[in-house]
Amino acid sequence: MKFRSVKGTKDILPPESYLWQRTEETIRSVMHNFNYREIRTPAFEETSLFARSIGELTDIVGKEMYTFTDRSGTSLTLKPEMTAAVVRAYIQNNLGEQSSLVKVYYLSPMFRQERPQAGRLRQFHQYGAEAIGGEGFSVDADVIALAVAVLEGAGISDYRVRVNSVGCGKCRPAYREELRAFFRPELDRLSEESRERYEQNVMRILDSKNDTDRELSIGAPLMKDHLCGECAAHFTGLRETLKLLGIDAEVDGTIVRGLDYYTKTAFEITSADLGSQDALVGGGRYDLLVAELGGKSTPAVGFAAGLERLLMVMEKQAPREAPALSPGIFIAAADEPGRKRALIKTMEARRGGIRAETDYLGRSLKSQMREADRQNALFSIVIGKKEVESGKGVLKNMQSGEEIPVTLDSLVAEVQKRTGGA
Ligand code: HAM
């Protein structure tokens, strides 16, 4: 039987894995400069955490979660997103007592059983950030500026920032009624999914990809035009602050987001280089979630982005090479006595901060040298009985062909000197 990776999952192989590492370093460094600190949470949580926060009626909770019952009968779910887990950790560890504005970031695999396609996987990776404790629009602007700074740091310049306000508990109920009234005469023409949403979460009809739904949505009332005074002031303040920061954001009244916890700000950053799954970044404010999950009422805002999607856009707009390997040395063995010494020297070089390799397969000297080439070693040396007895050998620069007589005792120091190693 031949095993294959599970549908919708992907191996990240070298050298691509090095490209991932480099990109992850870019993300971490930008997060660090914005003063967000890393949080890591478990791969799975109690199912009810996600059901409660993301919303029972959302696609994620309704049909995409990897849920299983463990041997003790507890229902667990592989995390489909991080916000719920971060808020759970914030409450459980009393993070609010340490600081009144807690700023954390993450970079982690997520799991959703969606239909796989370009840019949509079942195990994917998100980087994101959450700022918990600030109610002012300047925190929303900080989060959006951070999302933008990561893109810029990755060399991406062609993207669209779209912002909206989805209101709050005060202004949303009346707006929902108005939206229902708008769709009521056309209810029969809406797609089956939108008919369900009409009852359960009418705003999401605006999010439908179905052509007829889209047509029927033209002229629909938008939340942004029905905000209460507080939400309207927040939205205006955010737009002004973004302008101040030089971030070009369009208002898009149709952004509703597929997760239920949002209040006031909702935003997306899209890229034309992504095809149909064009959302690179998604986020917004969730002022009710901390209290909903049992904590003290605390406003919060955050975003998350798909790392695979970021890499796809980078490939189009700012292709990067996988970083070059450090110079390295291949220590070849000419015979049995040489083999033992080669092994010891290899370990010494590694401890000395040098990428070092030797032969483990009993290969001929010729094929060892071919291997040295394949490994992109800058240096090589052959150790045999003669070198062991004399304590001397010849270090060869594989690029220039230069041959440098060395003692075996000074081998590591000589390579360090020439490679700037430790
Ligand atoms: P989301 O919109 O569900 O939001 O996901 C954010 C981003 O994750 C998407 O824009 C996309 O780049 C990536 N993504 C989502 N699903 C997949 C998939 N199946 N394959 C590849 N990439 C995917 C959230 O997850 C919220 N927690 C964001 C947030 C944080 N809101 C506030 N704080």
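The structure presented is a predicted model; accordingly, all values stated were derived computationally and were not measured.

Novice: How do you make sense of unusual backbone geometry when you look at a structure like this?
Specialist: With the exception of glycine, the majority of residues adopt a negative phi angle, and the majority of peptide bonds are in the trans configuration. That bond from proline 14 to proline 15 is cis: its omega, 5°, falls within 30 degrees of zero. Within the secondary structure, proline 15 is located in the segment before α1 (16–33). The residue asparagine 35 is not glycine, and still its phi comes out positive at about 70°. If you trace the backbone, asparagine 35 turns up in the loop between α1 and β1 (37–38).

Novice: Would you mind going over the pairing of strand β4 (residues 75–78) with me for this structure?
Specialist: Working note: regular strand, side chains alternate between the two faces of the sheet. Sheet topology note: the strand β2 (residues 44–46)/β4 ladder contains 3 bridges and is antiparallel. Considered in β4, the bridge of glutamate 45 is made with threonine 77. The pairing of strand β3 (residues 67–69) with β4 spans 3 bridges and is classified as antiparallel. By the bridge assignment, phenylalanine 68 is partnered in β4 with leucine 76.

Novice: Help me understand the site of the ligand, please; the structure alone is not making it clear to me.
Specialist: Lining the immediate surroundings of the ligand are 28 residues, of which Glu81, Glu114, Leu121, Glu130 and Tyr262 lie closest. A distance of 3.0 Å separates a nitrogen atom of the ligand from a polar atom in the side chain of tyrosine 261. One nitrogen or oxygen atom from the main chain of glycine 306 is found 3.0 Å from an oxygen atom belonging to the ligand. Considering the ligand on its own, with 660 Å² of exposed area, one finds that the protein chains cover 96% of that surface. Those elements that place two or more of their residues in the shell around the ligand are β6 (123–132), β10 (279–285) and β11 (300–306). When residues of the shell around the ligand are assigned to their parent elements, the largest contribution, 6 residues, is made by β10. In terms of residue class, the shell around the ligand is built from 13 nonpolar, 8 polar and 7 charged.

Novice: Got a minute to help me understand the side chain of arginine 309 in this structure?
Specialist: Structurally, the position occupied by arginine 309 is in helix α12 (residues 307–317). The side chain of arginine 309 sits in the buried core without any salt bridge; glutamate 114 is the nearest counter-charge, 5.7 Å away. A polar atom in the side chain of arginine 309 sits 2.7 Å from the backbone oxygen of glycine 119. If we ignore the near neighbours within four places in the chain, the residues touching arginine 309 are Gly119, Arg120, Leu274, Gln277, Ala279 and Leu280.

Novice: Would you explain the packing of aromatic side chains in this entry?
Specialist: Each aromatic ring pair is described using two quantities: the centre-to-centre distance and the angle formed by the ring planes. Taken as a whole and judged by the stated rule, the model has 5 aromatic pairs. Taking 5.1 Å as the distance between ring centres and 80° as the angle between the ring planes, the aromatic pair formed by phenylalanine 182 and phenylalanine 183 counts as edge-to-face. Looking at phenylalanine 182, the relative accessible area reads 27%, which means it is partly exposed. When its relative accessible area of 0% is taken as the criterion, phenylalanine 183 is described as buried. Three or more aromatic residues joined by ring pairs form one cluster here, namely Tyr261, Tyr262 and Tyr286.

Novice: It is not clear to me how the environment of threonine 241 should be interpreted in this structure. Could you clarify?
Specialist: For threonine 241, the position within the fold is in helix α10 (residues 229–244). On the accessibility criterion, threonine 241 (15% relative accessible area) is buried. Residues threonine 241 and glutamate 387 lie 146 residues apart in sequence; the distance between their C-alpha atoms is 70 Å. Each residue touching threonine 241, except ones within four places of it in the same chain, is listed here: Phe137 and Ala141. Looking at threonine 241, its side chain comes within polar contact range of the main-chain oxygen of glycine 237, at 2.7 Å.

Novice: What is the right way to look at helix α16 (residues 411–419) in this model?
Specialist: Residues spaced three or four apart along an α-helix face the same direction, because each turn holds 3.6 residues. Among the residues of α16, Leu411, Val412, Glu414, Val415 and Gln416 are the ones counted as buried. Its buried side turned inward, α16 meets β12 (329–333), α13 (336–351), β14 (379–383), β15 (392–397) and β16 (403–407). Positive backbone phi, approximately 70°, marks glycine 420, located one or two places after α16.

Novice: Can you help me understand the packing of helix α2 (residues 47–54) against helix α4 (residues 83–92) in this one?
Specialist: When two helices pack together, their arrangement is captured by the angle between the axes and the distance separating the axes. Where α2 meets α4, the closest approach of the two axes is 9 Å, and the angle between their N-to-C directions is 110°. Here α2 is positioned roughly perpendicular relative to α4, judged by the angle of their axes. In this structure, α2 uses Leu49, Phe50 and Ser53 to contact α4, whose residues at the interface are Ala84, Ala85 and Arg88.

Cut-offs and rules
Residues numbered from 1 in each chain as written. Predicted model: local features only at pLDDT ≥ 70, side-chain atom pairs only at ≥ 80, totals over all residues. Heavy atoms only, no water. Helix = DSSP H or I, 4+ residues; strand = E, 2+ residues; numbered from the N terminus. Pairing = 2+ DSSP bridges. Near = heavy atom within 4 Å. Polar contact = N/O pair within 3.5 Å; in protein donor to acceptor, adjacent residues only side chain to side chain. Areas by Shrake-Rupley, 256 points an atom, 1.4 Å probe, with all protein chains shown as cover. Nonpolar A, V, L, I, M, F, W, Y, C, P; charged D, E, K, R; others polar. Buried < 20%, exposed > 50% of the residue type's maximum accessible area, 1.4 Å probe, protein only. Lys, Arg positive; Asp, Glu negative; His and termini not counted. Salt bridge = Lys/Arg side-chain N within 4 Å of Asp/Glu carboxyl O. Contact = heavy atoms within 4.5 Å. Phe/Tyr/Trp six-rings, centres within 6.5 Å; stacked < 30°, edge-to-face > 60°. Axes fitted to C-alpha atoms, helices over the stretch in contact; angles between N-to-C directions. Parallel < 35°, antiparallel > 145°, perpendicular 65-115°, else oblique.

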